[in-house]
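Understanding the architecture of this molecule
Here is how the chains run, residue by residue.
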Amino acid sequence: MILSDRSIREALAAGRIEIDPLDESYIQPSSVDLTIDRSFRVFRNHTMPLIDVKKDLSELTEVVEIPDDGVFILHPGEFVLGATAERVRLPTDMVARLEGKSSLGRLGLLIHSTAGFVDAGWDGYLTLELSNIATLPITLYPGMKIGQISFLQMTTEADEPYGSASKGSKYQGQRGPTASRYWENFG
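Please read these numbers as outputs of a predicted model, since none were measured by experiment.

Calculation notes
- Residues numbered from 1 in each chain as written.
- Predicted model: local features only at pLDDT ≥ 70, side-chain atom pairs only at ≥ 80, totals over all residues.
- Heavy atoms only, no water.
- Patch = residues over 30% accessible without salt bridge, like charges linked within 9 Å, V, L, I, M, F, W, Y side chains within 5 Å.
- Areas by Shrake-Rupley, 256 points an atom, 1.4 Å probe, with all protein chains shown as cover.
- Salt bridge = Lys/Arg side-chain N within 4 Å of Asp/Glu carboxyl O.
- Helix = DSSP H or I, 4+ residues; strand = E, 2+ residues; numbered from the N terminus.
- Buried < 20%, exposed > 50% of the residue type's maximum accessible area, 1.4 Å probe, protein only.
- Contact = heavy atoms within 4.5 Å.
- Pairing = 2+ DSSP bridges.
- UniProt positions renumbered as here; feature names shortened; annotations may be inferred.

Time to look at a nonpolar patch on the surface. A contiguous nonpolar surface patch, about 400 Å² in accessible area, is contributed by Ile51, Val53, Tyr182 and Phe186. Here Val53 lies in the loop between strand E3 (39-43) and strand E4 (61-65).

The following block contains the structure:
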């Protein structure tokens, strides 16, 4: 079951869902708009011959900070990581879906490749997988609406929600665009 605007407001008021900061006007009929932060993680492709998923590749990317009144230009075919300006926390009996804004999708901007699902128990800022599939550069301004998050009620509470020690949750509490930690699966 997807939460309606009324149910979203009730869950926010009860502290079951947290979105911080929250602009009340961003609550839509069945989602909440989220904005983009000013940090971007860009790939330094010239530093490595390939991406070996078994290795720590934290040196493959670097963080670029854009001034609050600045702009980040995403070129055609380019892939960078961004992050929401809002921290999102979910209860242990609810999941969420992050989707792009239709108006930006119509310009060729994709905000996630595979990371649109947010597990029960999540707490942190959401990393965005930004791709420009258009033939012209796209501007990204800190604070602009970038996506929308919807919430789905689970049948029961998760026995081991995201962040549980047994789950090896790599990104709980993350802030800013966080590089892949996939290599930890081979540890």
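Once you've had a look at it, read on.
This part is about the environment of Ile36. Within the secondary structure, Ile36 is located in the loop between strand E2 (32-35) and E3. Relative accessible area serves as the criterion here: at 1%, Ile36 is assigned to the buried category. Between the alpha carbons of Ile36 and Gly147 there is a distance of 8.4 Å; along the sequence they are 111 residues apart. Among all residues touching Ile36, those that are not within four sequence positions of it are Ala83, Ala85, Leu128, Leu130, Tyr141, Pro142, Gly143, Met144 and Ile146.

Pairing within the open sheet is antiparallel, and its four strands lie in the order E2-E12-E7-E9. One side of each edge strand has no neighbouring strand; the edge strands of this open sheet are E2 and strand E9 (117-118). The pairing of strand E7 (residues 94-100) with E9 spans two bridges and is antiparallel. When the bridges of E9 are listed, Arg97 appears paired with Phe117.

The omega torsion across Asp20 and Pro21 is 0 degrees, close enough to zero to call that bond cis. Mapped onto the elements, Pro21 comes out in the loop between strand E1 (18-20) and E2.

Here we take up the UniProt feature "site: Important for bifunctional activity" (unreviewed entry) in the protein chain. The residues that UniProt annotates with the feature "site: Important for bifunctional activity" (unreviewed entry) are Gly116 and Phe117. Looking at where Gly116 falls in the secondary structure, it is placed in the loop between strand E8 (109-110) and E9. Accessibility expressed as a relative area gives 0% for Gly116, which makes it buried. Contacts of Gly116, omitting those with residues within four sequence positions, involve Ala96, Arg97 and Leu98. Checked against the element boundaries, Phe117 lands in strand E9. Beyond its immediate sequence surroundings of up to four residues, Phe117 is in contact with Val95, Ala96 and Arg97.

In this structure, E7 lies alongside strand E12 (residues 145-153), joined through seven bridges in antiparallel fashion. Within E12, the residue paired with Met94 across the bridge is Gln153.

Glancing now at the pattern of salt bridges. Summed over all chains, the structure comprises 10 salt bridges. Of the charged contacts in the structure, one is a salt bridge between Arg38 and Asp68, with a shortest N-O distance of 3.5 Å. In this pair, Arg38 sits in the loop between E2 and E3 while Asp68 sits in the loop between E4 and strand E5 (72-74), placing the two residues 30 residues apart along the sequence. Judged by relative accessible area, Arg38 falls into the partly exposed class, the value being 31%.

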